[in-house]
Amino acid sequence: MFNLEKLNAKQREAVTTLGGPVLVFAGAGSGKTRVLTYKIAYLVTEVGLPPENILAVTFTNKAASEMKERVQHLLPEIDTGRMNVGTFHSISARLLRREIHRIGYTPDFTIYDQADSRLLVKQVINGFSLDLKQYDPGSIQTLISRLKNNLESPDSFREAGSGYRDKIIGNIFQQYQETLKENNAVDFDDLLLLPLLIFEKFPERRQVYQQQFQYVLVDEYQDTNRPQFEFVHALSSEHREICVVGDDDQSIYGWRGADIRNILDFEDAFGESKLIKLEQNYRSTKTILEAAHAVITKNVHRKEKKLWTENSDGRKITVLENNSERHEAGTLVSALRWNDGREYKLSDYVVLYRTNAQSRPLEDEFRKSGIPYIIVGGVKFYDRKEIKDVLAYLRVLVNPLDSISLERIINFPPRKLGRTTIDRLKALAADENIPLYEAIPKAAKAGAGIRQQKALAGFYHLMKDLRKRLQECTADDLIRLLIERLELENYYLEQAANDGVERWSNIIELVSSVSEFQENNPEKGIKEFLEEVSLLTDIDRWNDSTRAVTMMTLHSVKGLEFPVVFIVGLEEGLFPLQRSSEDDKELEEERRLFYVGITRAREKVYLSYARTRRRYGGEALEMMPSQFIGDIPAELLDIRMTRTSRRFSDERNPRKVYLPKPSAVKSTKVTQINEGEFVFHKLFGKGRVVEVRGSGEEAKLTIAFTGGVVKKLIAKYANLRRLSKY
DNA sequence: TAAGGGCTGATTTTT
DNA sequence: TCAGCCCTTA
């Protein structure tokens, strides 16, 4: 229950200090989440502030719901559902749904992800008849995003710019922004910028929100960018009731526009403030903290502080030296097996790497060894083509002005509306100055000079019909109806390409996630589902209750903790990255990233590197161990030289097959399985049951897995998970 | 218009 | 290695 005695003196000070801005420097593992939750509880019970008047910004949605839960636990009698807790992006999205009509969008606006934005940039570049090689959509999109994060407009950029190219890019920027609006769409940056625009144009709206959010709390403040700072500032600079929590040593998003000055110059921006430092660490061993400190103090630009702990010395940090990236994966698996069942469960481990591409050799080895693992991030479910296609239908149903999504689906599944027809349709829309969607019925009429009238009319009627159901149907009914109408099952399963089965089972998974959403949020609809999907962070999609080893990038692991941490690929050029090691500022950020990695560990850290590494599957490059290993005092390290001759993952060198203990893998007992059902197998992945012999757990199943692998398995041992029927 | 084959360039990190 | 792009062919 809520009791301030449970806090240390500094934490208590952070919780109870009110009446002006508070900046909490919270070192890794110093209990900052505790401080934030207690502070909210304190505001509600001691200050009497209604929960709906509190705004708390977190870095992930997962952190937001955890925070709500923890407050609920402290104060069972209050309704935490009324609190405003979320990421900057989700809070802004919610605000925009209510306010965006003031600046010429409708509340049905679509949120474009990076891929959508890039497509739009590409269209704009094409529209200007520019060469895509000279004007690369990807890099121009990155540039536009950076400009927006610096609060620059096309005009200010063109003025500041020097040459011809800058003028052109300014034009692309402007056209991009205008087209977004025509599409009734916003990109990730707009989510932060448009509320600022509304506050500026309608000061009375700003006042409304200032009054609503009487106390503002921000977590991970060191990673806020300029628009986020402006947002917080706009809301709280009048009442000055704000508390931000952060750690300059953990600032790792500089490349995304995060401005470390936000935290270092906090007092300049908000006026006289209380500064509180939390330096007692409750998470890690002394060894881990000492190592982390030795590394981070190499940074010149940081506030002086030193974490300390009452925890034990703990074990030394193990350094694993390997021949190659495959060897590294093998060593990792051995280390896991060595520990497994003795002290730790699989979910106690996290494997961290600098780049997503590094997960591949690890995955191969884990799969071979039968060790369950989960990857956070990487190629995302919602980025898969088949998923984006279906989502694009839903988006157009909600927002027909979204021409990016419309173009995506107009010929999916193929209905003979190819390049030519789409170009003519676009020309018609441009001539008549109407949205693409409205051009479809016109084009479908005789005399418009477009051949594929029937196909166009068919598509239009389909959409019109589905749109009628939008109001009356639940979200999951709508998506089922859609899939039926599109005959997607036939489309995927009859495809010659052998990934049809996998694609179809992904669609089924999408349907069940809509169902789940609808179940959890009976009052919400497809619109809210789409919003949630586009604003989920990688961590939000992670199910940490699974009995499996987790793998993710060092960026994703921020804010989390694990008993055992492996950091792999510690080689010069990879971590730190080549391009970052050439610039002092960037090298400092790499170092902070390493610091974040080490300080996630409660008990044990493994650092690993490979003497050679293959990139792009090409030749193996000679690598040098990362300087970060050398920065750690030798007495904290236990260096394991592995035998140089042994080759891992070698067919001629078979190893014992790892059999998970019954308790290690929780199987959802699949009682009766029928032909045609989709199942998931730990080793082989997704598959379709093509034959069943016998019944119950003795049944012999023939399963066609994705990638063309066909296996005969006995139901009892196969440990299958059923992919829900749609 | 659809589909398949071959070529090329990419790996930082993410809402 | 591999995904995305362009080109060819049916």
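Structural notes, computed from the coordinates. (Residues numbered from 1 in each chain as written. Chains lettered and ligands numbered in written order. Predicted model: local features only at pLDDT ≥ 70, side-chain atom pairs only at ≥ 80, totals over all residues. Heavy atoms only, no water.)

### A look at the overall build of chain A
So, step 1. The helix and strand tally for chain A stands at 29 helices and 24 strands.
So, step 2. A compact globule built from 726 residues should have a C-alpha radius of gyration of about 27 Å, and chain A, at 27 Å, falls within 12% of that.
So, step 3. C-alpha atoms of chain A, sized along the principal axes, occupy 85 × 70 × 60 Å.
So, step 4. Buried residues in chain A amount to 54% of all 726 residues.
So, step 5. The contacts of chain A with a sequence gap of at least 6 include a subset with a gap of at least 24, amounting to 74%.
So, step 6. When the accessible surface of chain A is totalled, it reaches about 33,400 Å², and 48% of it is carbon and sulfur.
So, step 7. The centroid of the 108 positive side-chain charges in chain A is displaced by 5 Å from the centroid of its 105 negative side-chain charges. (Helix = DSSP H or I, 4+ residues; strand = E, 2+ residues; numbered from the N terminus. Rg over C-alpha atoms; globule rule 2.2 N^0.38 Å. Buried < 20%, exposed > 50% of the residue type's maximum accessible area, 1.4 Å probe, protein only. Contact = heavy atoms within 4.5 Å. Areas by Shrake-Rupley, 256 points an atom, 1.4 Å probe, with all protein chains shown as cover. Lys, Arg positive; Asp, Glu negative; His and termini not counted. Charge placed at Lys NZ, Arg CZ, Asp CG, Glu CD.)

### Quick look at the protein's contact with DNA strand B
So, step 1. Taken together, 25 residues lie near DNA strand B, and Arg-354, Asn-356, Asn-411, Thr-420 and Leu-577 sit nearest.
So, step 2. Close to the protein, within 4 Å, the atoms of DNA strand B belong to sugar or phosphate groups at a rate of 45%.
So, step 3. In the model, a phosphate oxygen of DNA strand B is placed 3.0 Å from a nitrogen or oxygen of the Thr-553 side chain.
So, step 4. Broken down by class, the residue content of the surface near DNA strand B amounts to 7 nonpolar, 12 polar and 6 charged. (Near = heavy atom within 4 Å. Polar contact = N/O pair within 3.5 Å; in protein donor to acceptor, adjacent residues only side chain to side chain. Nonpolar A, V, L, I, M, F, W, Y, C, P; charged D, E, K, R; others polar.)

### Thoughts on the protein's contact with DNA strand C
So, step 1. Close to DNA strand C lie Lys-122, Arg-360 and Tyr-616, which account for all nearby residues.
So, step 2. Here DNA strand C approaches the protein such that, of its atoms within 4 Å, sugar and phosphate make up 20%.
So, step 3. At 3.4 Å from a phosphate oxygen of DNA strand C is found a side-chain nitrogen or oxygen belonging to Arg-360.
So, step 4. One nitrogen or oxygen atom from the main chain of Tyr-616 is found 3.4 Å from a base nitrogen belonging to DNA strand C.

### Focus on empty space enclosed by the protein
So, step 1. Per the stated rule, a full pass over the model turns up 3 cavities of 30 Å³ or more.
So, step 2. Counting only elements with at least two residues in the lining of the largest cavity, the list comes to β8 (274-278) and α14 (286-296).
So, step 3. Counting residues per element, the lining of the largest cavity draws most heavily on α14, which supplies 4 residues.
So, step 4. Grouping the constituent residues of the lining of the largest cavity by class yields 7 nonpolar, 2 polar and 7 charged. (1 Å grid on protein atoms, 1.4 Å probe; cavity = no way out; pocket = protein on both sides within 12 Å on 5 of 7 lines; lining within 4 Å. Points joined across faces, edges and corners; volume = space filled by probe spheres on them.)

### Describing helix α11 (residues 226-236)
Residues spaced three or four apart along an α-helix point in a common direction, a consequence of the helix completing one turn every 3.6 residues.
So, step 1. Burial within α11 is extensive, with 8 of its 11 residues counted as buried.
So, step 2. Buried residues of α11: Pro-227, Gln-228, Phe-229, Phe-231, Val-232, Ala-234, Leu-235 and Ser-236, and no others.

### Let's talk about the pattern of salt bridges
So, step 1. Enumeration according to the criterion identifies 43 salt bridges in this entry.
So, step 2. We note a salt bridge from Glu-220 to Lys-558, for which the minimum N-O separation is 3.7 Å. Note that Glu-220 is positioned in the loop between β6 (215-218) and α11 and Lys-558 in the loop between β14 (549-553) and β15 (562-567), a separation of 338 residues in sequence.
So, step 3. You can call Glu-220 buried: its relative accessible area is 7%.
So, step 4. A relative accessible area of 8% places Lys-558 in the buried class. (Salt bridge = Lys/Arg side-chain N within 4 Å of Asp/Glu carboxyl O.)

### Focus: the nonpolar core
A general trend in soluble globular proteins is that nonpolar side chains are found buried together.
So, step 1. Leu-391, Tyr-393, Leu-394, Ile-440, Leu-456, Leu-488 and Leu-510 are the most contacted members of the largest nonpolar core, which totals 57 residues.
So, step 2. It is helix α17 (residues 385-398) that provides the largest number of residues to this core, a total of 9 residues.
So, step 3. Sequence-distant contacts of Leu-456, that is, excluding residues within four places in its chain, are made with Ile-410, Leu-417, Thr-421, Leu-425, Ile-440, Ala-443, Ala-444 and Ile-450. (Core = buried A, V, L, I, M, F, W, Y, C linked by side-chain atoms within 4.5 Å.)

### Re the pairing of strand β12 (residues 349-353)
So, step 1. Of all 5 residues making up β12, 5 are buried, and the element is well covered by its neighbours.
So, step 2. Going residue by residue along β12, you find Tyr-349, Val-351 and Tyr-353 tucked away on one face and Val-350 and Leu-352 tucked away on the opposite face as well.
So, step 3. Bridge analysis of β12 against β14 gives 4 bridges, and the strand direction is parallel. What sits directly across from Tyr-353, in β14, is Thr-553. (Pairing = 2+ DSSP bridges.)

### A short note on the packing of aromatic side chains
So, step 1. This structure, assessed with the given rule, holds 23 aromatic pairs.
So, step 2. Taking 6.1 Å as the distance between ring centres and 50° as the angle between the ring planes, the aromatic pair formed by Phe-199 and Tyr-209 counts as tilted. One end of the pair, Phe-199, is in helix α9 (residues 188-201); the other, Tyr-209, is in helix α10 (residues 203-212), with 10 residues separating them in the sequence. The same class applies to Phe-199 and to Tyr-209, which are both buried. (Phe/Tyr/Trp six-rings, centres within 6.5 Å; stacked < 30°, edge-to-face > 60°.)

### Some remarks on the sheet that holds strand β1 (residues 22-26)
So, step 1. If you walk across this open sheet you meet the 6 strands as β3-β2-β6-β7-β1-β8, and the pairing is parallel. One side of each edge strand has no neighbouring strand; the edge strands of this open sheet are β3 (84-86) and β8. The average angle at which neighbouring strand axes cross in this sheet is 10°, direction not considered.
So, step 2. With 3 bridges joining them, strand β2 (residues 54-57) and β3 adopt parallel strand pairing. Note on β3: the bridge partner recorded for Leu-55 is Asn-84.
So, step 3. In the packing of helix α1 (residues 9-16) onto the sheet, contacts are made with β1 and β8, and the angle to β8 comes to roughly 145°.
So, step 4. Along the sheet, helix α2 (residues 32-45) contacts β1, β2, β6, β7 (242-246) and β8; its crossing angle with β6, the most-contacted strand, is approximately 170°. (Axes fitted to C-alpha atoms, helices over the stretch in contact; angles between N-to-C directions.)

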